[in-house]
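Listed below are the residues making up each chain.
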Amino acid sequence: MEPKLIDHLFRYHSGKMVSVLTRIFGLKHLDIIEDAVQDTFIKASISWRNKPPDYPEAWLTQAAKNRVLDIFRKLKTEQKHFPNINQGTDTIAINELFLDTEIEDAQLSMIFTACHPKLDPKDRISFALKTVSGFSIKEISSALLTKEDTIKKRLLRARKTIRQSQLKFQTPIGKELSIRLESVLDVLYLIFNEGFHSNQKEKLIHKELCGEAIRLCQMLLKNKLTKTPEAYALCALMYFHSARLDTKTNAENMLLDLKTQDRSQWYVPLIKLGHAMMNKAVETSEFSRYHYEAAIASEHLKVSCFEDTNWDNILHWYQCLNTLQPMPAHLLTMAVICIQNKDYNKAKDYFDRLNPENLAQRSYLYYAAKADYFTVLNNANEAITYIDLAINRVTNLQEKDYLLKKKSLILSTSLD
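A brief report on the enclosed structure follows. (Residues numbered from 1 in each chain as written. Predicted model: local features only at pLDDT ≥ 70, side-chain atom pairs only at ≥ 80, totals over all residues. Heavy atoms only, no water.)

Notes on the overall build of the protein
Which entries qualify depends on this criterion: Under the scheme used here, helices are H or I runs from DSSP no shorter than 4 residues and strands are E runs no shorter than 2 residues, and both carry numbers assigned from the N terminus. For every residue, the accessible area (1.4 Å probe, protein chains only) is compared with the maximum for its type, and the residue is labelled buried under 20%, exposed over 50%, or partly exposed between those bounds. Any two residues whose heavy atoms approach within 4.5 Å at even a single point are treated as in contact. Residue exposure ignores everything except the shown protein chains as possible cover, and the areas themselves are Shrake-Rupley values with a 1.4 Å probe.
Across its full length, the protein carries 20 helices and zero strands. Among the 416 residues that make up the protein, the fraction classed as buried is 50%. A sequence separation of at least 24 residues applies to 64% of the contacts in the protein between residues at least 6 apart. Only carbon and sulfur atoms are counted for the fraction: they give 51% of the accessible area of the protein, which is about 20,900 Å².

Below is the structure:
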């Protein structure tokens, strides 16, 4: 079996396997469980080299369970920590935990465990990305715009807190549910964003991550306790963005911006699903950041060409969003919108309020936007200075190529 297929299976099934095995063996054995799942995929990559099994996921699940049992036997803890699951009614009970509905319940419990209030907020997100969706430390670092060493420390701290606090593996109820659901939505949002616009060097889009985020969001919407307006709005946002995933790059895998994307190729069924989710989301008097971001995404999908974009509406939604959740990225986007609206004084005001270093790994976007600003002001020298700063800071090769082409265009225009 190809390594890519193994990676695919790991992405989609490791979180499931970790969750259901944690339900069986307990949170205190999480380190051993994660090691077991990792070992299972290594074993699969070797044993499937010539011929993969007919049911890969079932093979992986059973192999992971067996691997955990092997480890516990070596540690001589089997009788202390769980029943003999190899015979009798216990075998039936364990097998039932691997039914699809039970796996979903286990994953829901894992998500909420990762978002427990006793964990540091930053630790919750890192831990959930690792355990629920199988993110690597490098991917978590990219998604959270944080150093890898910092992510390692957060994961270690989260596991330590879980052990010391003896946290229970369960979905919360009552008031606690709404508090912890906010962190869950944060995690799903980050998973989707890492897929939609990755910081990884070789790959701009990870469709499998977008699909995973949508799947987990749909899981929330299946549960009567977690299908909130915020969850519906987040799902709408994901559908709206996913509708144009295939148009973000061309046949040569080159990055295309909104202006150059083929809007006739935007996937209408996903847009309709997004609107259906938004109809559910607005059955409330209070709007979340997901409501505003979905409204912004919807504005772009409304028009058949870039020139017809209603920038006033989009600026309004961004102002609402920034009032609710002030962020440097929002100020930068508002500056870009003002450039589109030819309100250059207002654009400058937004730029002046920004420190590009606060954008961390995405500081290149600030410099690229400043290059656009000076380009429309016919200041080619300043435009080149800023586009060079952007090129030197961008990590993704597709984006770097896009910026290099933009630099060539600035140079050619200045010579005319």
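Brief notes about the packing of helix H16 (residues 328-340) against helix H18 (residues 363-376)
The condition that has to hold: Every axis corresponds to a line fitted to the C-alpha atoms, with the helix fit spanning only the stretch in contact, and the corresponding angles, defined between N-to-C directions, vary from 0 to 180 degrees. Throughout, the term roughly parallel applies to angles under 35 degrees, roughly antiparallel to angles over 145, roughly perpendicular to angles from 65 to 115, and oblique to all others. Two helices that cross are described as forming a left-handed crossing if the nearer one is turned anticlockwise from the farther one by less than a right angle, and a right-handed crossing if clockwise.
Packing of H16 against H18 brings their axes to within 10 Å, and their N-to-C directions diverge by 20 degrees. Classified by the angle between their axes, H16 and H18 sit roughly parallel to one another. The way H16 lies across H18 gives a crossing that is left-handed. Taken together, the residues of H18 that come into contact with H16 (itself represented by Leu332, Val336 and Ile339) are Leu365, Tyr366, Ala369, Tyr373 and Val376.

Some details on helix H9 (residues 148-165)
We apply this condition: For a helix, the expected span equals 1.5 Å multiplied by the residue count minus one. Here, the arc refers to the directions that run from the helix axis to the C-beta atoms.
Here H9 contains 18 residues, and its C-alpha end-to-end distance of 26 Å stays within 8% of the 26 Å for a straight helix at 1.5 Å per residue. Among all positions of H9, only Ile151, Arg154, Leu155, Ala158, Arg159, Thr161 and Ile162 are buried. The buried residues of H9 occupy an angular sector of 160 degrees when projected down its axis, which confines them to one face. In this structure, H9 carries Asp149, Lys153, Leu156 and Gln164 as exposed residues pointing more than 90 degrees from its buried face.

Examining the packing of aromatic side chains
The criterion, for reference: The pairing test for Phe, Tyr and Trp rings, Trp by its six-membered ring, is centres within 6.5 Å, and the orientation test on the planes gives stacked under 30 degrees, edge-to-face over 60, and tilted for anything in between.
Tallied over the entire structure, the rule returns 12 aromatic pairs. Taking the centre distance of 5.9 Å and the plane angle of 20 degrees together, the rings of Phe192 and Phe196 count as stacked. Here Phe192 pairs with Phe196, and both are found in helix H10 (residues 175-196), just four residues apart, close to one helical turn. Phe192 sits in the buried class, given a relative accessible area of 3%. Judged by its relative accessible area of 10%, Phe196 falls in the buried class. Of the aromatic side chains, those joined through ring pairs into one cluster are Phe351, Tyr366, Tyr367, Tyr373, Phe374 and Tyr386.

Side note on the pattern of salt bridges
As a reminder, the rule being used: Between Lys or Arg on one side and Asp or Glu on the other, a salt bridge is scored when a side-chain nitrogen of the former is within 4 Å of a carboxyl oxygen of the latter.
A full pass over the atoms with the stated rule returns 15 salt bridges. Between Arg159 and Glu34 there is a salt bridge whose closest N-O contact spans 2.2 Å. Here Arg159 is found in helix H9, whereas its partner Glu34 is found in helix H2 (residues 30-47), with 125 residues between them in sequence. We note that Arg159, like Glu34, is buried. Where Lys406 meets Asp372, a salt bridge forms, and the shortest distance between an N and an O atom there is 3.2 Å. Linking Lys406 in helix H20 (residues 397-415) with Asp372 in helix H18, this pair joins segments that are 34 residues apart in sequence. A relative accessible area of 27% places Asp372 in the partly exposed class.

A closer look at empty space enclosed by the protein
The line we're drawing: Both cavities and pockets are sets of points on a 1 Å grid over the protein atoms alone; in a cavity a 1.4 Å probe fits but cannot get out, in a pocket the set is open with protein on both sides within 12 Å along at least five of seven lines, and lining residues sit with an atom within 4 Å of a point. Grid points are joined across faces, edges and corners, and a volume is the space filled by probe spheres set on the points.
In total, this model carries one cavity of 30 Å³ or more according to the counting rule given. Size it by volume and the largest cavity reaches roughly 30 Å³. Lining of the largest cavity is provided by Tyr189, Phe192, Asn193, Leu234, Leu237, Met238 and His241. Taken together, the elements giving at least two residues each to the lining of the largest cavity come down to H10 and helix H12 (229-242). If you tally residues by element for the lining of the largest cavity, the top one is H12, at four residues.

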